[in-house]
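# Remarks on the overall topology
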Amino acid sequence: MQTVTVEWLHTIDQLQDVPEDQLQWMMDNSTIEYIREGEFFFRPGMAAVGCYIMITGKIHVYDLVNQEMRDVTTLEPKDISGYLPFSRGLTINVYARALADSSMLLLPKEKFRELTSRNFELTQALVHVMTNRVRNFTSLQQQNEKMMALGKLSAGLTHELNNPAAAIVRSSASLLEHLRLEPDDFKKIMSIRMDPKEVDAVQQKMWEVLGRTGKPRLTLMQRTELEDEITGWLEEHEVESAAEIAENFLEDGFTCDDLGDFKAHIAVPYLSPVFNWINSVLVTRKMVADINEASRRISELVQSVKSFTHMDQGKGKELTDIRDGIRNTLTMLHYRFKKGSVNLVEEYDATLPRINAMVGELNQVWTNLIDNALDAMEPSGHGQLTIRTEKEHDWAKTTITDDGPGIPADIQTRIFEPFFTTKDIGKGTGLGLDVVCRIIKQHHGSIRVQSKPGETTFIVCFPINGQN
């Protein structure tokens, strides 16, 4: 086993400039701790006991995010870890498990007052270790926060894109099958001999019916009665596939009076092929409309992604309407509203001036606040989210209100602190609102919260163009 001496401590990069007498003080006031392979050195919630310097072995430090292991670091000989001078963390928030039999030098935190008063260089070296650790850990946690946000947005996009994509596949397959059956109807149509004026009258009547607006909304009983009437009329005139035609005709607003108008221009033997041809046109038209609507939905989602990430623009500030960013964010999170049975109320001031902002970062603000509100309402299985924008003096004010359980009064002042979270372990890093604060301050804005049971409101204000 490695013998701990002042000379060995001097070989550690962080301690190479520390005077020998201070390293000797550290050795005299420390103990050597041992841990066997496979054992946990510490777990979340345990009290921090002091500063450790690895002597031998290897320890894996990790966190659990949504039951998934996320590596933090691996401690090896000469690594310094644990509780450090001026650290505010009194409890452990990660796991540490020995990958091999390990030993370490422990300087208990009870000795830190003497450490800081008598050993300036040693204190300075350990504080430097702490600042580097905080910087690295913050970077890792911010990356985890971004990955968690990306995961949520990816889940939402997958859900939102799946429906229209499936509709396109389904409708296109049906359309191909429908077109495959067209030749039979085509043969029957080609055998018809009609005066060109009568053909024009039939075609004009069909487009007149399809072009009607303000079609009445029917109850189930009314719909059934009208469909039965149309079916009866078609069967009376020996039209093939009467039930199928009646359903499609009713969907597009045809009535028995309309059928009578068609009959005035069509010889009785030709009623069946003509009405089946019209039905074929309606079916094709509906399938194409379904494909068009699904394609439009996908196009809107792609445009929302581009606008949300601002991927096709520069990264500098520009004049922007905050309503656009909020709407794009709502599009990205739409699946969560449906999943959580959340009613959305939007009250936007159409006259609100634009603000000078970095659009991509502003969207992070709306994503965090709206996502947190949805999380708060999730346990109840329903809720209402109200988003309002308005001009207040020289500020563009946005309020986001949920009817969740509220934030306890004793922690309302802490929710903006880095790493503070009320979510279960693995569901939040405590950096969401810290990121929000940083972005808002960067834009010279402000954020505050008002909360009571059943009503939590985040109030965000940005200076109107020219103020920042």
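Once that is clear, we can look at the sheet that holds strand β8 (residues 102-108). Paired through backbone hydrogen bonds, the strands of a sheet run either parallel or antiparallel to each other. Pairing in this open sheet of four strands is antiparallel, and the strands run β1-β8-β3-β6 from one edge to the other. Whereas interior strands pair on both sides, the edge strands pair on one side only; in this sheet they are β1 (31-35) and β6 (80-82). For this sheet, the mean inter-axis angle between neighbouring strands, taken without regard to orientation, is 35°. The pairing of strand β3 (residues 50-56) with β6 spans three bridges and is antiparallel. If you follow Cys51 over to β6, its bridge partner there is Gly82.

To find leftover empty space, one rolls a probe the size of a water molecule over the atoms. If you walk through the whole model with that rule in mind, you get one cavity of 30 Å³ or more. Put simply, the parts of the chain that give the lining of the largest cavity at least two residues each are β2 (40-42) and β3. Tallied by class, residues from the lining of the largest cavity come to six nonpolar, one polar and no charged.

Every other side chain in a regular strand lies on the same face of the sheet, so the side chains alternate between the two faces. Summarising burial for strand β13 (residues 395-402): seven of the eight residues are buried, a large majority. Pairing of strand β12 (residues 383-392) with β13 involves eight bridges; the strand directions are antiparallel. Residue pairing for β13: Thr386 is matched across the bridge by Thr401. A loop of two residues connects β12 with β13, the two strands running antiparallel in sequence, and His393 in this loop sits at a positive phi of about 60°. Across eight bridges, the pairing between β13 and strand β15 (residues 455-463) is antiparallel. Bridge pairing links Ala396 to Phe462 in β15.

Next up on the list: the nonpolar core. Judged by nonpolar contacts, the single largest core of 40 residues is most densely connected at Leu9, Leu15, Phe41, Ile53, Ile59, Ile80 and Leu122. Once residues lying within four places of it in the same chain are set aside, the contact partners of Ile80 are Ile12, Gln14, Leu15, Cys51, Tyr52, Ile53, Leu126 and Val129. Counting 38 residues, the second largest nonpolar core, distinct from the first, contains Leu369, Ile370, Leu374 and Ile407.

Listed as buried for helix α9 (residues 256-263) are Asp258, Leu259 and Phe262. Burial along α9 is one-sided: seen end-on, the buried residues are contained in an arc of 100°.

Per-residue pLDDT for the protein has a mean of 82; in total, 83% of the residues score no lower than 70. Element-level pLDDT for the protein is lowest in helix α5 (residues 182-190), with a mean of 65, against a maximum mean of 95 in β13. The low-confidence segment residues 424-431, where pLDDT is below 50, has 27 contacts with residues more than four positions distant or belonging to other chains.

This brings us to the packing of helix α7 (residues 220-236) against α9. As a packed pair, α7 and α9 sit with axes 10 Å apart at the nearest point and diverge in direction by 25°. For the element pair α7 / α9, the angle class is roughly parallel. Facing Glu229, Ile230, Trp233 and Leu234 of α7, the residues of α9 in contact are Cys256, Leu259, Gly260 and Lys263. For the contact of α7 with α9, the residue count by class is five nonpolar, one polar and two charged.

What follows is about the packing of aromatic side chains. Using the criterion set out here, one finds eleven aromatic pairs in the structure. Here Phe249 and Phe254 contribute two aromatic rings whose centre-to-centre distance is 4.5 Å and whose plane-to-plane angle is 20°, an arrangement assigned as stacked. One exposure class covers both Phe249 and Phe254, and it is buried. Among the aromatic residues, those joined into a ring-pair cluster are Trp233, Phe249, Phe254, Phe262 and Phe275. One Lys or Arg, Arg43, reaches over the ring of Phe40 and ends 3.9 Å from the middle of that ring.

Conventions and cut-offs
- Residues numbered from 1 in each chain as written.
- Predicted model: local features only at pLDDT ≥ 70, side-chain atom pairs only at ≥ 80, totals over all residues.
- Heavy atoms only, no water.
- Pairing = 2+ DSSP bridges.
- Helix = DSSP H or I, 4+ residues; strand = E, 2+ residues; numbered from the N terminus.
- Axes fitted to C-alpha atoms, helices over the stretch in contact; angles between N-to-C directions.
- 1 Å grid on protein atoms, 1.4 Å probe; cavity = no way out; pocket = protein on both sides within 12 Å on 5 of 7 lines; lining within 4 Å.
- Points joined across faces, edges and corners; volume = space filled by probe spheres on them.
- Nonpolar A, V, L, I, M, F, W, Y, C, P; charged D, E, K, R; others polar.
- Buried < 20%, exposed > 50% of the residue type's maximum accessible area, 1.4 Å probe, protein only.
- Core = buried A, V, L, I, M, F, W, Y, C linked by side-chain atoms within 4.5 Å.
- Contact = heavy atoms within 4.5 Å.
- Arc of directions from axis to C-beta.
- pLDDT = per-residue confidence, 0-100.
- Parallel < 35°, antiparallel > 145°, perpendicular 65-115°, else oblique.
- Phe/Tyr/Trp six-rings, centres within 6.5 Å; stacked < 30°, edge-to-face > 60°.
- Lys NZ or Arg CZ within 6 Å of the ring centre and 35° of its normal.

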